[in-house]
Amino acid sequence: MVAVMLGVCSVMGLPWLVAATVLSITHVNSLKVESDCSAPGEQPKFLGIREQRVTGLLIFVLMGCSVFFTSVLKFIPMPVLYGVFLYMGVSLLSGIQFFDRLKLFWMPVKHQPDFIYLRHVPLRKVHFFTVIQLICLVLLWTIKVSRAAIIFPMMVLALVFVRKAMDFCFSKRELSFLDDLMPERKKKLDDARNEAGEEEEESQKATEAAAAAAAASSVQLNVGKTSDLDIPKQSSDRTDPSEILILDEMSQTTAWKAESL
């Protein structure tokens, strides 16, 4: 199966499935294209993938040629080789979530990076998850260096049950942030997209509520105006008594007209 996957990965240009973790991660990192950092402290931005198969080919060609260079390589001290591999391993630890969560134990809250799982998971839950992983790592290493190393594959399989038992200590939402294969950058983009959608929804609801309130107030104003203008006032034919002239009224009476004749 491994041989078949090596053939498929070679045709597709994917990294090979080998047990050499440092070499595989180095090959994967050589495929990335990142921006140049000009400002101090600025993180490089991922720009794309550089399609090439040179690194993987040269790594294993040099490993094969080392068999013929044993007469020269024997003069290189072993601590030097261990130091090179140690440097390669430590330099590749940045970006691994387990290592980032280990550093949070000695980091004040105000200096913690903006990790996506710190936004949605309490810090004590993050530490609890890290402690469980650390205990499993120590147990596996202890078994590997002891006489019981023959059961090491079975203990790796037992981690599946440990992961299943975590469902009783963490919610599915917390585990989706703490134990997800999705890269951190992808999670942040999705989270920002969700927040933007929620803000847009809230603003749309606020706009609709304001429009409804404005429409209701305009209807009330129109009803008030029509009640004042459309209701006819009762007309009165009577004149104001203060405007009546007694002499004019007397001249219009029949008795006054008869005497005048």
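Our structure's up above, just so we're on the same page.
Throughout what follows, the structure given in this document is the object of discussion. Everything numeric here is computed off the predicted structure, so don't read it as measured data.

About the cut-offs
- Residues numbered from 1 in each chain as written.
- Predicted model: local features only at pLDDT ≥ 70, side-chain atom pairs only at ≥ 80, totals over all residues.
- Heavy atoms only, no water.
- Helix = DSSP H or I, 4+ residues; strand = E, 2+ residues; numbered from the N terminus.
- Buried < 20%, exposed > 50% of the residue type's maximum accessible area, 1.4 Å probe, protein only.
- Areas by Shrake-Rupley, 256 points an atom, 1.4 Å probe, with all protein chains shown as cover.
- Patch = residues over 30% accessible without salt bridge, like charges linked within 9 Å, V, L, I, M, F, W, Y side chains within 5 Å.
- Salt bridge = Lys/Arg side-chain N within 4 Å of Asp/Glu carboxyl O.
- Lys, Arg positive; Asp, Glu negative; His and termini not counted.
- Charge placed at Lys NZ, Arg CZ, Asp CG, Glu CD.
- Axes fitted to C-alpha atoms, helices over the stretch in contact; angles between N-to-C directions.
- Parallel < 35°, antiparallel > 145°, perpendicular 65-115°, else oblique.
- Left-handed = near helix turned anticlockwise from the far one by under 90°.
- Contact = heavy atoms within 4.5 Å.

Looking only at helices and strands, one finds 13 helices and two strands in the protein. Out of the 261 residues belonging to the protein, those deemed buried represent 16%. For the protein, the exposed area adds up to about 20,800 Å²; of that, 68% sits on carbon and sulfur atoms.

Turning to a negative patch on the surface, a few remarks are in order. On the surface, a cluster of negative charge is contributed by Glu195, Glu198, Glu199, Glu200, Glu201 and Glu202. Mapped onto the elements of the fold, Glu201 is located in helix H11 (residues 184-229). Look at Glu201 and you get partly exposed, because its relative accessible area is 48%.

A cluster of nonpolar residues, Val67, Phe68, Phe69, Val72, Leu73, Ile76, Met78, Val80, Leu81, Tyr82, Val84 and Phe85, forms a patch on the protein surface that exposes about 1,200 Å² of accessible area. Elements supplying a minimum of two residues to the nonpolar patch: helix H4 (70-73) and helix H5 (78-91). Among the elements that make up the nonpolar patch, the one with the highest residue count is H5 (six residues). Relative to the elements of secondary structure, Met78 occurs in helix H5.

Now for the packing of helix H8 (residues 123-145) against helix H9 (residues 152-165). At a minimum axis distance of 10 Å, the contact between H8 and H9 shows a crossing angle of 165°. One finds that H8 runs roughly antiparallel with respect to H9. Read as a crossing pair, H8 and H9 show a hand that is right-handed. Note on element contacts: H9 touches H8 through Phe152, Met155, Val156, Leu159 and Val162, opposite Ile132, Cys136, Leu140, Ile143 and Lys144.

Counted by the stated rule, this structure contains five salt bridges. Salt-bridge contacts for Asp100 lead to Lys103; the nearest nitrogen and oxygen are separated by 3.9 Å. In this pair, Asp100 and Lys103 both sit in helix H6 (residues 97-103), three residues apart, roughly one turn of the helix. A relative accessible area of 10% means that Asp100 is categorised as buried. Notably, a salt bridge pairs Glu174 with Lys125, separated by 3.2 Å at the nearest N-O pair. On the criterion of sequence distance, the pair formed by Glu174 in helix H10 (residues 172-178) and Lys125 in helix H8 is long-range, its members being 49 residues apart. In terms of burial, Glu174 and Lys125 fall into one category: buried.

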